[in-house]
Amino acid sequence: MRPYSQNQQGSPRLDPPVVIKFGGSVLRSVDAMPMAAHEIYRILRRGHKVVAVTSALHGQTDALLDDAHNVFGDGAAHNRPALLRLGEMRSAALLALALERIGVDARAVDPAQIGLLCPAPADEAKNEEAIVQACDTARLKAFLERHDVVVVPGFSACDEEGFSSLLGRGGSDQSAVFLASALGAEKVRMIKNVDGLYESDPFCAADAPRFSSLDYDHARRVCGPAIQKQALDLADSQGITLDIAMLARHHGSTIAPTRPARIAHVEAKRLKVALLGCGTVGAGVYQHLARHDDLFDVCAILVNDLEKKRDVDIPAALLGSDPAQVFAARPDIVVEMIGGVDTADAFIRNAFFGGADVVSANKAVLAKRFSALHKAAAQAGRVLRYSAAVGGGVPMLEALDEVREKAAVSSLRGVINGTANFILDRLADGAGFEDAVREAQEKGFAESDPSADLDGDDAAAKLVLMARRGFGRALPVKDIACDSLRDLSAQTVRQARENGDVIRQVSTISRRQNGRLRAAVRLEALPADDFLALAKGERNRLEFTDESGAVHGLQGKGAGRWPTAEAVFADLLDIHRLRAQNEVHIKAMPDNEPVCA
Ligand code: HSE
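Position numbers for residues start from 1 in each chain and track the written sequence from start to end. Confidence filtering applies because this is a predicted model: local features only for residues at pLDDT of at least 70, side-chain atom pairs given and counted only at 80 or more, and all residues used for totals across whole chains, interfaces and linings. Side-chain calculation: all heavy atoms of the structure are included, whereas hydrogens and water are not.

Further remarks concern the sheet that holds strand 9 (residues 210–214). Note: two strands are recorded as paired if DSSP finds a minimum of 2 bridges between them. Think of it this way: any DSSP run of H or I at least four residues long counts as a helix, any run of E at least two long counts as a strand, and we number them from the N terminus. An order of 4-5-3-2-8-10-11-9-12 is seen for the 9 strands of this open sheet, with the pairing classed as mixed. Edge positions in the open sheet fall to strand 4 (106–108) and strand 12 (261–263), since each of these has one partner strand only. Direction aside, the axes of adjacent strands within the sheet are offset by 20° on average. Direction of pairing for strand 10 (residues 241–246) relative to strand 11 (residues 252–255): antiparallel, over a ladder of 4 bridges. Along strand 11, the bridge assignment pairs Asp243 with Thr254. Only the contacting stretch of a helix is used when fitting its axis, a line to C-alpha atoms as for every element, and angles between N-to-C directions run 0 to 180 degrees.

Given below as structure tokens:
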């Protein structure tokens with residue numbers, strides 16, 4: 001999502017990535033991959049690249065071993081690592097696919113590609129003590145320069161001859177810590193099936209206090225098999241912090257050179273969620289919510305047409321066409337995806353004053369009523385989030401926020417409407433205008449009325465939101481001049497391609513001398529190697545410059561079910577965490593004293 005961030009001299013900035021490791025107890029089946037993708041997306045939208053280390057899917061290693069054992073018995077051990085590597089690679093590839101679906105530039109790598117070296121011990125019985133000795137850090141960094149996420153199978157490595165070797169039980173912990181150390185990352189986030197380390201087994205004693213933080217020695221005493229010993233020793237010797245957490249949870253245990261502190265166990269509260277609208281994006285959001293039924297309870301879904309055939313299984317009892325009934329379910333969070341202005345505005349206010357936080361994907365209402373809706377949220381003491389309103393799955397607003405914390409944004413230019421971009425590409429390929437529009441609608445990119453995409457109004461609304469978040473200024477939508485795709489002939493688009501150019505809908509904001517903003521949505525012929533020309537199909541790209549002259553760029557899928565639902569769901573998870581954080585704060589143990597001798 002962040003292809004580059006360059007300083008004034010043009011050299012790319014590559015901060016150490018975040019290393020995150022998913023245990024086999026978390027990756028229980030292919031269905032868990034979108035959940036792992038949510039964890040990674042959360043890190044990406046804070047502007048970091050990610051190295052994800054995966055274990056084989058739950059039961060996969062045993063299944064592979066059983067297969068071989070049943071036919072060959074125990075004798076053939078030399079090739080066992082090659083067999084088990086398949087399970088590790090499968091899981092890494094599945095996670096990369098889940099990321100690709102939401103528009104993240106992820107690549108699964110084979111341990112051999114990054115030279116992860118772990119010689120097999122001469123005595124097979126000693127395999128449990130296997131230690132990773134090296135990796136090709138330069139190669140790994142090169143992958144990270146070109147891609148946002150590198151998924152590395154843990155547990156599997158290579159011996160001196162390049163053949164597969166294994167790291168012993170829990171070995172993916174060690175792969176993760178080793179890679180973090182090689183890349184200069186300070187921290188490894190380990191996603192487990194427990195939300196941290198406890199004084200005693202939380203599965204036996206439900207009220208066992210959890211350590212919010214503890215040092216490596218304490219961790220050695222209490223972690224049992226939860227963390228591989230070699231991984232813990234390596235983290236200790238390299239000063240790498242380990243965060244132990246569960247999928248989608250805010251809290252966990254931090255292992256670092258720190259005084260141990262404990263916290264009372266707090267069950268994650270299930271939040272009631274009402275969906276307003278259940279079209280392309282809404283149905284995707286519903287699926288994510290249903291998969292996280294430990295955190296969310298979908299209490300009602302407002303739809304126009306109760307009889308409409310949906311491609312997602314939704315219990316009929318949840319669907320309703322009467323807004324009053326939906327609000328009567330007293331949701332904790334309302335997800336507004338109906339589009340339009342006045343009705344959406346009324347629903348959002350209704351939600352706030354009924355005590356619900358709001359996640360919206362509706363740029364039209366936010367652009368028109370930005371101040372009023374934020375004021376209503378503040379008055380009601382509620383949260384308003386709308387990441388999906390700009391960029392689909394590309395976290396454009398978050399990137400602007402992050403840069404603006406350090407330096408004012410001077411200008412931006414972007415391809416920010418996936419439908420227009422898709423249509424322009426199809427026209428260049430030789431398709432007719434009507435067919436291209438229909439195709440965009442069928443793929444779920446277009447707004448319900450595609451005029452907003454074709455005439456630039458959708459992009460203009462997004463510019464209004466980017467002006468607020470990136471420049472801290474109001475930008476009246478009427479001041480944004482827009483070109484319409486309807487005024488462009490297919491012949492012009494094809495001719496441009498023949499000339500080596502690419503026509504793009506380019507949205508811009510710059511500062512005038514008097515500090516006010518100038519914005520436009522224009523159809524422009526760009527050289528084929530222009531950063532924006534390289535956005536293909538429904539993809540979006542944004543580049544912006546800050547006052548130090550540094551240029552920041554990001555890209556991804558700007559429209560469609562899964563990228564957009566990802567952004568909505570990330571907001572939902574943020575709200576869940578915010579609420580859980582407050583809860584934990586209230587229930588924090590009064591005496592955060594050291595608890596172990
Ligand atoms: N219709 C919009 C687009 C959806 O095509 O970009 C995402 O905002």
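Next, the rest of the story.
Segmentation into domains, and thus their bounds, comes from an automatic or database assignment. Domain annotation for the chain reports domain 1 (15–265), domain 2 (271–391 + 563–581) and domain 3 (396–559). When each unit is reduced to the centre of its C-alpha atoms, the spacing between domain 1 and domain 3 is 39 Å. Between domain 1 and domain 3 the total buried area reaches about 430 Å² when both faces are included, carbon and sulfur atoms providing 35% of it. Each reported salt bridge corresponds to a side-chain nitrogen of Lys or Arg within 4 Å of a carboxyl oxygen of Asp or Glu. Across the contact surface, domain 1 and domain 3 share 1 salt bridge. When the shortest N-O distance is used, the salt bridge between Arg45 and Glu398 registers 3.1 Å. Polar contact is the term for a pair of N or O atoms within 3.5 Å; when the atoms are in protein, one must be able to donate a hydrogen and the other to accept it, and sequence-neighboring residues count only if both atoms are side-chain atoms. There are 3 residue pairs in polar contact (both at pLDDT 80 or more) connecting domain 1 and domain 3. Gly falls in the polar group here, along with every residue not listed as nonpolar (Ala, Val, Leu, Ile, Met, Phe, Trp, Tyr, Cys, Pro) or charged (Asp, Glu, Lys, Arg). Looking at the side of domain 1 that touches domain 3, its residues break down into 1 nonpolar, 2 polar and 4 charged. Note on terms: buried area is the combined drop in 1.4 Å-probe accessible area of two parts once they are placed together, counting the loss on both.

Here the focus is empty space enclosed by the protein. Here a cavity denotes a set of grid points, spaced 1 Å apart and computed over the protein atoms alone, in which a 1.4 Å probe fits but from which it cannot get out, and a pocket denotes an open set meeting protein on both sides within 12 Å along at least five of seven lines; residues with an atom within 4 Å of a point are reported as lining. Grid points are joined across faces, edges and corners, and a volume is the space filled by probe spheres set on the points. In this structure the tally under the stated criterion is 3 cavities of 30 Å³ or more. Every residue lining the largest cavity is listed: His38, Arg42, Arg45, Glu566, Phe569, Ala570, Leu573, Asp574 and Arg577. Listed by contribution, the elements that provide at least two residues to the lining of the largest cavity are helix 1 (33–44) and helix 19 (561–587). With 6 residues, the top contributor of residues to the lining of the largest cavity is helix 19. Considered class by class, the residues forming the lining of the largest cavity number 3 nonpolar, 1 polar and 5 charged. Split by domain, the residues of the lining of the largest cavity number at least three in each of domain 1 (15–265) and domain 2 (271–391 + 563–581).

Exposure is judged per residue with a 1.4 Å probe applied to protein chains only, and the accessible area is read against the type maximum: over 50% gives exposed, under 20% gives buried, and values in between give partly exposed. With 7 of 9 residues buried, helix 13 (residues 396–404) lies mostly within the body of the structure. Along helix 13, the positions that sit buried rather than exposed are Met396, Leu397, Glu398, Ala399, Leu400, Glu402 and Val403. Buried residues belonging to helix 13 abut strand 19 (409–415), helix 17 (457–471), strand 23 (539–546) and strand 24 (551–557). Contact definition: two residues touch when any of their heavy atoms are within 4.5 Å.

Residues are labelled near a given molecule or strand when at least one of their non-hydrogen atoms is within 4 Å of it. Taken together, the residues surrounding the ligand are Lys363, Asn417, Gly418, Thr419, Phe445, Ala446, Glu447, Asp453, Asp458, Lys462, Gly558 and Ala559. Measuring from an oxygen atom of the ligand, one finds a side-chain N or O atom of Thr419 at 2.5 Å. Separating a nitrogen atom of the ligand from a side-chain N or O atom of Asp453 is a distance of 2.8 Å. Where the shell around the ligand is concerned, the elements lending two or more residues are helix 14 (418–429) and helix 17.

Now for the environment of Leu463. Mapped onto the secondary structure, Leu463 falls in helix 17. Under the relative-accessibility criterion, Leu463 is labelled buried at 0%. Along the backbone, Leu463 and Val477 are 14 residues apart, and their C-alpha atoms lie at a distance of 8.3 Å. For Leu463, the residues in contact, after removing those within four places along its chain, are Leu412, Ile416, Leu475, Ile480, Ser507, Thr508, Ile509, Ala519, Ala520 and Val521.

What the rule picks out here adds up to 42 salt bridges. A salt bridge links Asp342 to Arg369, with the shortest nitrogen-to-oxygen separation between them at 2.9 Å. Taken together, the positions of Asp342 in helix 10 (residues 342–353) and Arg369 in the loop between helix 11 (363–368) and helix 12 (370–380) put the pair 27 residues apart, joining distant regions of the chain. A relative accessible area of 54% places Asp342 in the exposed class. Notably, a salt bridge pairs Asp530 with Arg413, separated by 3.2 Å at the nearest N-O pair. In this pair, Asp530 is assigned in the loop between strand 22 (517–527) and strand 23 and Arg413 in strand 19, connecting sequence segments 117 residues apart.

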